[in-house]
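# Report on the structure
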Amino acid sequence: MSRLHKCRPSVFRHAKSGSVAIQYGIMFLALSVLAGAAIDFGRQETAERELTAAADAAAIAGAKMAMTSDKIEEIKAHALAFLEDDFTKGNLTSHEILVIDNKVSVTAKADVKTTLLSLGGVPKFQIVSEATAQYGRAGTLEIALVLDTSTSMTGAPLDALKIASTDLANSIVQDGDDASRISIVPFGNYVNIGTQHRGASWLDLSAEYSDIVPVCAATWTDHVNAGCTETTAPCVKDGLDSTCFAWDCSSVLPPIPTCSIETRDYKWWGCVNSRDEPRNIEDTGYVSHKVEGDVGLSSWACGAPVLPLTSDLPDIEDAIDNLFPSGETYMATGLTWGYRALTPNRPFDEGESFSASATGQNAKVLILMSDGSNTRSLESDGQHWGGKVDEANATTLDACNEIKGADIEIYTVAFNLPSSATRALLKECASEDKNFLIADGAVELAESFQKIGVDLLDIALVN
């Protein structure tokens, strides 16, 4: 017989399942609030770091401008633009920018909205950052940017170089103000001084000419008709291992070359050979020992022309934008023509006198950037088609020492450069260890050039 159970109040009085659920609910809510608070505090920390970096950048930007301008309101506006562009993690609520006694000070306040903490009555955090940049260069500044534009720089490396160089120029040069001037000196195994110097008293230029020669070669069509196969083969380009196109005719009869008569024009494209040693690295004696123009069949090894010292920012930007890869690497010729671009002597006589440098009224700086080892060297006829790497390295160091001996400061940048020996060469070339920088990518190259720019302007963040 079944037994009916009576409902008794005591059953509910002792039940605990509902209270447990409530306790777990309260605990879950508390944990959620704590998790939300952690997220909010993390956002606050991130925003504080960004505001600090933005204030630093604004102070440095203002200091750079203040070195060549006395227009206080424009300096403040310039600094504010950097502050506003670089801070994105919150809302700027107030700022103060002061330009006093060779210092630019920036104070910035911002609000960072909260998420779950707003439920607890904390709708936002207020953050504050302060930065002061002090500047102190006296006198004028002349810079020769000596840039490796050999064929190994083709593509992305050259694009990165253009960006880094343009940013450096914009950080240092105020358009039309000769307080800071820059020369652009591209090099491969030659330097192009510019064909506008044709007829100069210091230039020895052979006559241009043409000749007619028989040329016998198998064309693309000849290889295809013979049954050859298109393939690739390992090769070396500008000292770097690469892959080159090749024909594989191993299983067929090689094509019969097609012969023709060809007219070849030998011209001066703007590139120059080196003078006899030791004048190959010197900047004297051009009356008795002129510079020899390299008259040749092709402009392949003759890159973009030198831009002499100028404060015309659009001209500087155009010269950088017009860089293109050519030739192989011979650093000594780039260094020597960078040196000549900084002196008051011909061939390039735009530089201030060295007496001004000696008294601290003018600073001369050469920045050498290379992405590879020397692959070409000087030959006895002054051309740069030799392959004696040790000799090229020795001449490069001789050129560095010649330049440093003239009280010109040298910075060197190794860009995507795997050779430890060449890195050591560039480090020895630099005026100080700190003047040697390694850039293993586009970002690092931009940072290296930026670091040099700040160093040259004698700008420092101070407390």
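Our structure is the block above this text.
A few points on the structure. (Residues numbered from 1 in each chain as written. Predicted model: local features only at pLDDT ≥ 70, side-chain atom pairs only at ≥ 80, totals over all residues. Heavy atoms only, no water.)

## So, the sheet that holds strand β10 (residues 258-272)
Selection criterion: Only when DSSP finds a minimum of two bridges between them are two strands counted as paired. Only runs of H or I of at least four residues qualify as helices and only runs of E of at least two qualify as strands under DSSP, and these elements are numbered from the N terminus.
The sheet built from four strands is open, its strands ordered β6-β11-β10-β7 with mixed pairing. Unpaired on one side and paired on the other, β6 (203-204) and β7 (209-217) mark the two borders of the sheet. Here β10 runs beside strand β11 (residues 291-296); their pairing, made up of three bridges, is antiparallel. Within β11, the residue paired with Val272 across the bridge is Gly293.

## Thoughts on the environment of Ile403
As a reminder of what qualifies: Classification of residues uses two cut-offs on accessible area relative to the type maximum, computed with a 1.4 Å probe and protein chains only: under 20% is buried, over 50% is exposed, and between them is partly exposed. Here a residue-residue contact requires only that any non-hydrogen atoms of the pair lie within 4.5 Å.
Take Ile403: it is sitting in helix α9 (residues 389-405). Residue classification places Ile403 among the buried residues on the basis of a relative accessible area of 1%. Separated by 126 residues in sequence, Ile403 and Glu277 place their C-alpha atoms 16 Å apart. Once residues lying within four places of it in the same chain are set aside, the contact partners of Ile403 are Leu335, Tyr339, Leu366, Ile408 and Ile410.

## Quick word on the environment of Gly139
Among the structural elements, Gly139 can be located in the loop between β3 (124-135) and β4 (140-148). Under the relative-accessibility criterion, Gly139 is labelled partly exposed at 47%. Note: C-alpha distance between Gly139 and Met67 (72 residues apart in sequence) is 9.9 Å. Residue contacts for Gly139: discarding those within four places in its chain leaves Ala179, Gly360 and Gln361.

## A few points about the packing of helix α4 (residues 156-172) against helix α11 (residues 442-456)
Pairs of packed helices are described in terms of their axes, by the angle between the two and the distance that separates them. Rules: Each axis is a line fitted through C-alpha atoms, taken for helices only over the stretch in contact, and angles between the N-to-C directions span 0 to 180 degrees. Here the angle decides the label: under 35 degrees means roughly parallel, over 145 means roughly antiparallel, 65 to 115 means roughly perpendicular, and every other value means oblique. What makes a crossing left-handed is the near helix being turned counterclockwise from the far one by less than a right angle; a clockwise turn instead makes it right-handed. Residues are grouped as follows: nonpolar covers Ala, Val, Leu, Ile, Met, Phe, Trp, Tyr, Cys and Pro; charged covers Asp, Glu, Lys and Arg; every other residue, Gly included, is treated as polar.
Relative to each other, α4 and α11 sit at 20°, their axes nearing to 9 Å. Considering the angle they form, α4 stands roughly parallel to α11. Relative to α11, the crossing made by α4 is right-handed. Packed against α4, whose contacting residues are Ala160, Leu161, Ala164, Ser165, Leu168 and Ile172, the element α11 presents Ala442, Leu445, Ala446, Phe449, Gly453 and Leu456 at the interface. Here the residues of the contact of α4 with α11 sort into ten nonpolar, two polar and no charged.

## Re the packing of aromatic side chains
Where we set the bar: Stacked, edge-to-face and tilted are the three classes for Phe, Tyr and Trp ring pairs, Trp counted by its six-membered ring, which pair at centre distances within 6.5 Å; planes under 30 degrees apart are stacked, over 60 edge-to-face, the rest tilted.
All told, the structure shown has seven aromatic pairs when counted by the stated rule. Between the aromatic rings of Tyr209 and Tyr266, the centroid separation amounts to 4.5 Å while the plane-to-plane angle is 10°, which identifies the pairing as stacked. A residue pair is termed long-range when its members are at least 10 positions apart, and Tyr209 in strand β7 and Tyr266 in strand β10 qualify at 57 residues. Judged by relative accessible area, which is 44%, Tyr209 ranks as partly exposed. When its relative accessible area of 16% is taken as the criterion, Tyr266 is described as buried. An angle of 15° between the planes, with centres 5.4 Å apart, marks the rings of Trp220 and Phe245 as stacked. Here the residue Trp220 occupies a position in helix α5 (residues 220-226), and Phe245 occupies one in strand β9 (residues 240-248), the gap between them amounting to 25 residues.

## Regarding the nonpolar core
Nonpolar side chains in soluble globular proteins tend to end up buried together. Inclusion rule: Each nonpolar core is a collection of buried residues, namely Ala, Val, Leu, Ile, Met, Phe, Trp, Tyr and Cys, held together in the definition by side-chain atoms within 4.5 Å.
The biggest cluster of nonpolar side chains holds 64 residues, and the ones touching the most others in it are Ile184, Ile367, Met369, Leu445, Phe449 and Leu456. Among the elements that take part in this core, helix α2 (residues 17-66) stands out by supplying ten residues, more than any other. The contact partners of Met369, leaving out residues within four places of it in the chain, are Val146, Leu147, Asp148, Met153, Leu161, Phe187, Val413, Phe415, Leu445 and Phe449. Within the second largest apolar cluster, 41 residues are counted, among which are Val146, Ile193, Trp268 and Leu309.

## A look at a nonpolar patch on the surface
Note the cut-off: Any residue with relative accessible area above 30% and no salt bridge may belong to a patch, with like charges joined within 9 Å and the nonpolar Val, Leu, Ile, Met, Phe, Trp and Tyr side chains within 5 Å. Values of accessible area rely on a 1.4 Å probe in the Shrake-Rupley scheme; residue burial ignores everything except the protein chains shown. The salt bridge definition used is simple: a Lys or Arg side-chain nitrogen within 4 Å of an Asp or Glu carboxyl oxygen.
On the surface, a nonpolar cluster with roughly 320 Å² of combined accessible area is contributed by Trp220, Val224 and Phe245. Relative to the helices and strands, Val224 is located in helix α5.

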